[in-house]
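Chain and residue survey
Okay, here's what each chain looks like letter by letter:
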Amino acid sequence: MIAFEPDDTSSPPPVEGTDLVYTLGSSRRVRLREAEVELRGLWETAAREAEQAGQGGVLRLREINLVVYAAGEAVAERVSQVVLRLAERHPARAIVLLDVGLPAPGEGVTDSWVSAACYLTAQGERQVCWEQVTIPAYGKAVELLDTAAMPVLVPHLPTVLWWPGQPDLEGDTFRRLGDVTDLLVVDSAGFAEPVRGLCRLATVVRDDSRGFHVNDLNWARLTTWREMTAGVFDDASRLEWLSRIRRLKVVFGAEDTYERPDRSIPPAASRALLFVGWFASRLGWTVAGAEWTLKGPSASTELHRLRGSGVWNGPAGSDEASADHDAVEVVLQSESLPLDASGGLVAVEAEIAGASGEDGSFVLSIGRVGTSCICETRVRGPADGPISHTADASPVPEDRLLADELDYLGPDRVFEESLLLAAALAALPGSDGIGRDT
Amino acid sequence: MSTERLTENPFRAGMRLRRVPPPATLVILGVTGDLARRKLLPSLYRLFRKGLLPPGSAILGVARRGWDDEQFRNMVREALDRFLGKGVDERMWEGFAAMLFFCSGDLVDAAAYRTLDDTLLSVDAERPRNGNRLFYLAMPPSTYLNVIDGIGRHGLAGRRGAGWTRIVVEKPFGRDLESARVLNRTLGQWFAEDDVFRIDHYLGKETVQNILVFRLANAIFEPLWNSQYVDHVQITVAEDIGIEQRAGYYEEAGALRDMIQNHVLQLLALVAMEPPITFAAGPVRDEKVKVLMALRPLRGPEVDAAVVRGQYGSGLSQGEAVSSYLGEEGVARASTVETFVAMRVFIDSWRWAGVPFYLRTGKRLPKRCTEVAIQFKRPPLPLFGDEVAAETEANVLAMHIQPDEGITLKFGSKVPGPTVHVHSVNMDFRYGSSFGAAGADAYERLLLDALLGDSTLFARGDGVEVAWAFVDQIIERWRHLEAPEPQLYEAGSWGPKAAEDLVDADRREWRRL
């Protein structure tokens, strides 16, 4: 655990080393305004050492500014480990804004912890070095953290703001950081209120005046499920199934079930909602149900499927979807799954009507094999032959999820459309969203 | 969006990261061989694990052994356990095994093709995949013509409905211009050129692909990429191993056919080509072929002055005493086959007029290493004095292809202090540590490209023939009695002295690697 005691001047480095990492000097606490000088000193020392060892220079590679808002020391420690592993793919200047959560020892944000490290090649040479500036703030000074970050941003590099918890999207800190951010990365699974949080995140996405793109690690965790779903329909002969789906069920892991006293969808449903949002938005479905109907561990509502030549181009739930459509029932079902973290998908099932009506209906399912992390695609009923597909849906470490997202600093329109539809579903009465108290 | 008239998969729209091919049956001809076990099957498993072999895909192994599907699956499992590098996940294996099928048959026999046809139909009937088929010739090159002809004559090469039929051919693509033409004609008789994928695994390596990206995605280098700024170019493909157990093949091939005709000339083409109008297979390969066509011909005795051939004697390699080439099992006692080639070539184009390209390849050299190095001209004026100019090396941009893929830029920098001393420093960029995400294995990448129908990284028939036409001049000269014999070099050295003399005569030197 990193200790950021107000009067501590000898704490261990915030970046823990591994066998492959060489820490340049020791992490030092310096006045914030001296952070750049301190970093320069670390690099000069490293260059001298490398030259003495006959290794040539050391390469400082910086692709992005990675600003991280860490609420508490535990988060900061986790973030440091992620940044360390992330450097392999996305070397960055990491600026960790640490809300220590302790009373203020003084006024303002004046100190920082500076550290830098290199990866070691098999020959022991230092390669690709990165650096981290951790800026702790106490009490009211937390509100000034964003201003403390500005001077240590590397000019002319894209800036990514990674907010591991739920950001206060209306707060001044978020607003000011947003002004210098190119990409905001959140993890809606870690929001204090994940389902309601989707609605808030959708508000940010809808705001055309924002100057940054948005990504969500909770969405990134759906990649395998999305690819398995897409894989079924790479065979063009199955595309016609899509017009006959009458029920879409998404089963997800949850610590609790729908037998909740407040009769709401559990927070763990957020990823399932994003999946439904993706599936439905790809097919142009819109929200039709007026509320979630809760029954046992399930909640269901309806989506509209447009028929004919209709093109979905309106916001979810708009009147445009009412004229020429039929309904698709959407069911979210929770299941206790000890192997998986809460929120992970367990199965996706699409009930598909037969080509000539009710007869010959079948179920396309993508689901975990037992309690494992391996998923299989199956068809139950008279379809045109079995589908053989297996994929590994093991949980992906946070650093890899983040690195995948940082491969693209541009907009992810599919995510945005999926989020908007998921948020529309989350807003229905009966969800954990705004309808909960009605 | 109406889902009633969909013709494209709506779930693929906007999907990042993946290029997923359509379902297909991959037919590996010669599936019990070394290439299939070491490279192809592990690569296919990795593709499967990454979700890049979609539902409906199948792998049909073909070999003489009288195996059934189950015995084939056992062989594949053994190959994966041995060559995959990390353990096979049991549950993933079940899914992978379910797409493995075997067809027993000797492909010199017409009946084998009928059996293959029947097996393909039954596999297709069980798992609809739009009739897409990819044949992979993982067999000795001597069998290529008969097998391609057999595939064609038995109706296996044609398209089925909307599906495609493609074929992957491993190098060597012939052993001279004439045999390459025959191979191309045979392929062309049954397959469209777009459906032929001549695989040179070097082109699947990340750094090789990065040569074009580096040149053409960075505005600062391309303006320097010409005779005005480049002094010369060196391309080295060095191996520390001998011929292993491949004497039969190597005695017929030699370093010129084995390395120069394909790997080295392909690297040369990528370094020297003009920017294509788009980064697509046709334009990229057009430009590569133009480079090969612009290689200055070497006629008769010109070969003696521009090309050095060598053969390794005994010596020390990696601290162990090793035998000479002539002492290797299966090598003729009086063999004159070259295990080393160094050459100076010129590209007679506007961009490269007068710039020498030094190429070298060999076995039993001190280390395994492949790199392309662009050496730039020195500054026009020794502004900091002759002494400083003498201690400053020329700028070099080196692209390392193996073993450590990366790029090094060498430039001069002032040593801090009151006097002007300039030291050359290397700015080193290694893929492995700069972008830690391990790039896909070259075969994995190229198999995926073939399934996707992207032939950008594969050799085209006309390019192969142009390369052979150039190499044939050298082969022809070496048959001449007046041509110098291969010079012996000590195993573990950088080749014969004549190779040093070749560059020394131009007042240049090989890079110390």
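The numbers attached to residues start from 1 for each chain and follow its sequence in the written order. The naming scheme follows written order: chains are lettered A onward, ligands numbered 1 onward. Restriction of local features to residues with pLDDT of at least 70 applies here, the model being predicted, together with a cutoff of 80 or more for giving and counting side-chain atom pairs; totals for whole chains, interfaces and linings are based on all residues. The side-chain figures draw on all heavy atoms in the structure; neither hydrogens nor water molecules are used.

Glancing now at the nonpolar core. In these notes, a set of buried Ala, Val, Leu, Ile, Met, Phe, Trp, Tyr and Cys residues joined through side-chain atoms within 4.5 Å is what counts as a nonpolar core. Exposure is judged per residue with a 1.4 Å probe applied to protein chains only, and the accessible area is read against the type maximum: over 50% gives exposed, under 20% gives buried, and values in between give partly exposed. If you look at the biggest cluster of nonpolar residues, it comprises 156 residues, and the most contacted ones within it are Leu 29 and Phe 96 of chain B. Think of it this way: any DSSP run of H or I at least four residues long counts as a helix, any run of E at least two long counts as a strand, and we number them from the N terminus. In terms of residues, this core owes the most to one element, helix α8 (residues 247-272) of chain B, which gives 14 residues. Grouped together as the second largest cluster of nonpolar side chains are 98 residues, Leu 97, Leu 177, Ala 299 and Leu 421 of chain A included.

So, about the environment of Ile 211 of chain B. Residue and element names in this part refer to chain B. On the secondary structure map, Ile 211 appears in helix α7 (residues 206-216). Judged by its relative accessible area of 0%, Ile 211 is buried. Between the C-alpha atom of Ile 211 and that of Phe 340, which follows or precedes it by 129 residues, the distance is 25 Å. Each residue touching Ile 211, except ones within four places of it in the same chain, is listed here: Leu 267, Leu 270, Val 271 and Met 399. Here, residues are in contact when the closest pair of their heavy atoms is within 4.5 Å.

With that settled, consider the packing of aromatic side chains. Centres within 6.5 Å are what make two rings of Phe, Tyr or Trp a pair, Trp counting through its six-membered ring; a difference in plane orientation under 30 degrees is then read as stacked, over 60 as edge-to-face, and the rest as tilted. Across all of its chains, the model carries 24 aromatic pairs over all chains by this definition. A centroid spacing of 5.5 Å and a plane angle of 45° characterise the contact between Phe 233 of chain A and Phe 11 of chain B, whose relative ring orientation is tilted. Here Phe 233 of chain A, found in the loop between α7 (223-232) and β10 (245-253), pairs with Phe 11 of chain B, found in the segment before β1 (25-29), and the two come from separate chains. Side by side, Phe 233 of chain A and Phe 11 of chain B carry an identical accessibility label, which is buried. One aromatic cluster is present, built from ring pairs that chain together Phe 233, Trp 241, Phe 275, Trp 278, Phe 279 and Trp 285 of chain A together with Phe 11 of chain B. Both a distance and an angle decide whether a charge sits over a ring: NZ of Lys or CZ of Arg must be within 6 Å of the ring centre and within 35 degrees of the ring normal. When the ring centre of Trp 93 of chain B is taken as reference, the NZ or CZ atom of Arg 77 of chain B above it lies at 5.4 Å. Above the plane of the ring of Trp 164 of chain B lies Arg 166 of chain B, whose end atom (NZ or CZ) is 3.6 Å from the centre.

Residue and element names in this part refer to chain B. In this analysis, the expected span of each helix is defined as 1.5 Å times one less than the number of residues it contains. Here helix α1 (residues 34-49) spans 22 Å end to end across 16 residues, near enough to the 22 Å set by a 1.5 Å rise per residue. Take the seven residues that end at a residue and the seven that start at it, fit an axis to each, and the angle between those axes is the bend at that residue. The largest bend along α1 reaches roughly 35° and is located at Leu 40, with the proline Pro 42 sitting one to four residues downstream. Among all positions of α1, only Ala 36, Leu 40, Leu 41, Pro 42, Ser 43, Leu 44, Tyr 45, Leu 47 and Phe 48 are buried. Downstream of α1 by one or two residues, Gly 51 has phi in the positive range, about 80°.

Right, let's get into helix α15 (residues 497-504) of chain B. Residues and elements named next belong to chain B. When we look at burial in α15, the residues that qualify are Ala 498, Ala 499, Leu 502 and Val 503. Along the long axis of α15, the arc covered by the buried residues comes to 140°, so they all point the same way. The exposed residues of α15 that point more than 90 degrees off its buried face are Lys 497 and Asp 504. Buried residues in α15 make contact with α10 (302-306), β8 (307-317), β10 (340-346), β11 (356-362) and β16 (487-491). To be clear, the arc concerns the directions from the helix axis to the C-beta atoms.

This part takes up the confidence of the model for chain A. Residues and elements named next belong to chain A. Known as pLDDT, the predictor's confidence for each residue is given on a scale from 0 to 100. Averaged over every residue, the pLDDT of chain A is 76; the share at 70 or more is 75%. Between the elements of chain A, mean pLDDT differs from a low of 64, seen in strand β1 (residues 21-23), to a high of 95, seen in strand β8 (residues 183-186). For residues 1-19, every residue scores under 50 in pLDDT, and the model assigns this stretch 47 contacts once sequence neighbours within four places are set aside.

Glancing now at the layout of surface pockets. Whether a set of points on the 1 Å grid over the protein atoms alone is a cavity depends on a 1.4 Å probe fitting there but being unable to get out, while an open set qualifies as a pocket with protein on both sides within 12 Å along at least five of seven lines; lining residues are those with an atom within 4 Å of a point. Grid points are joined across faces, edges and corners, and a volume is the space filled by probe spheres set on the points. Of the voids in this model, the second largest pocket is the one considered here, and its volume is about 1300 Å³. Along the walls of the second largest pocket sit 40 residues, with Lys 410, Asn 426, Arg 511, Arg 512 and Leu 513 of chain B positioned nearest its centre.

Let's shift gears to the packing of α1 of chain B against helix α13 (residues 442-452) of chain B. Residues and elements named next belong to chain B. Contact pair α1 / α13: the axes reach a minimum separation of 9 Å and the direction vectors enclose 65°. When the axis of α1 is compared with that of α13, the two are roughly perpendicular. α1 and α13 meet at a crossing whose hand is right-handed. Across from Leu 35, Lys 39, Leu 40, Ser 43, Leu 44, Arg 46 and Leu 47 in α1, the residues of α13 making contact are Tyr 443, Glu 444, Leu 447 and Leu 448. Under the scheme applied here, ten amino acids are nonpolar (Ala, Val, Leu, Ile, Met, Phe, Trp, Tyr, Cys and Pro), four are charged (Asp, Glu, Lys and Arg), and all others, including Gly, are polar. The class makeup of the residues in the contact of α1 with α13 is seven nonpolar, one polar and three charged. Interaxial angles span 0 to 180 degrees and are taken between N-to-C directions of axes, which are lines fitted to C-alpha atoms, for helices over the stretch in contact. Any angle from 65 to 115 degrees is called roughly perpendicular, while one under 35 is roughly parallel, one over 145 is roughly antiparallel, and all others are oblique. Less than a right angle of anticlockwise turn of the near helix away from the far helix marks a crossing as left-handed, whereas a clockwise turn marks it as right-handed.

Below, the discussion takes up empty space enclosed by the protein. Residues and elements named next belong to chain B. Scanning the model with the defined rule gives seven cavities of 30 Å³ or more in all. In this structure, the largest cavity occupies an estimated 90 Å³ of space. Lining the largest cavity, in full, are Leu 203, Val 208, Gln 209, Leu 212, Leu 270, Phe 279, Val 284, Lys 288, Thr 456 and Leu 457. Residue assignment for the lining of the largest cavity shows that the elements contributing at least two residues are α7 and α9 (281-293). Considering every element that reaches the lining of the largest cavity, the biggest residue donor is α7, with three residues. For the lining of the largest cavity, the class distribution of residues is seven nonpolar, two polar and one charged. Taken together, Gln 266, Ala 269, Arg 285, Lys 288, Val 289, Leu 292, Phe 458, Ala 459, Arg 460 and Gly 463 form the lining of the second largest cavity. At the level of elements, α8 and α9 are the ones that each hand at least two residues to the lining of the second largest cavity.

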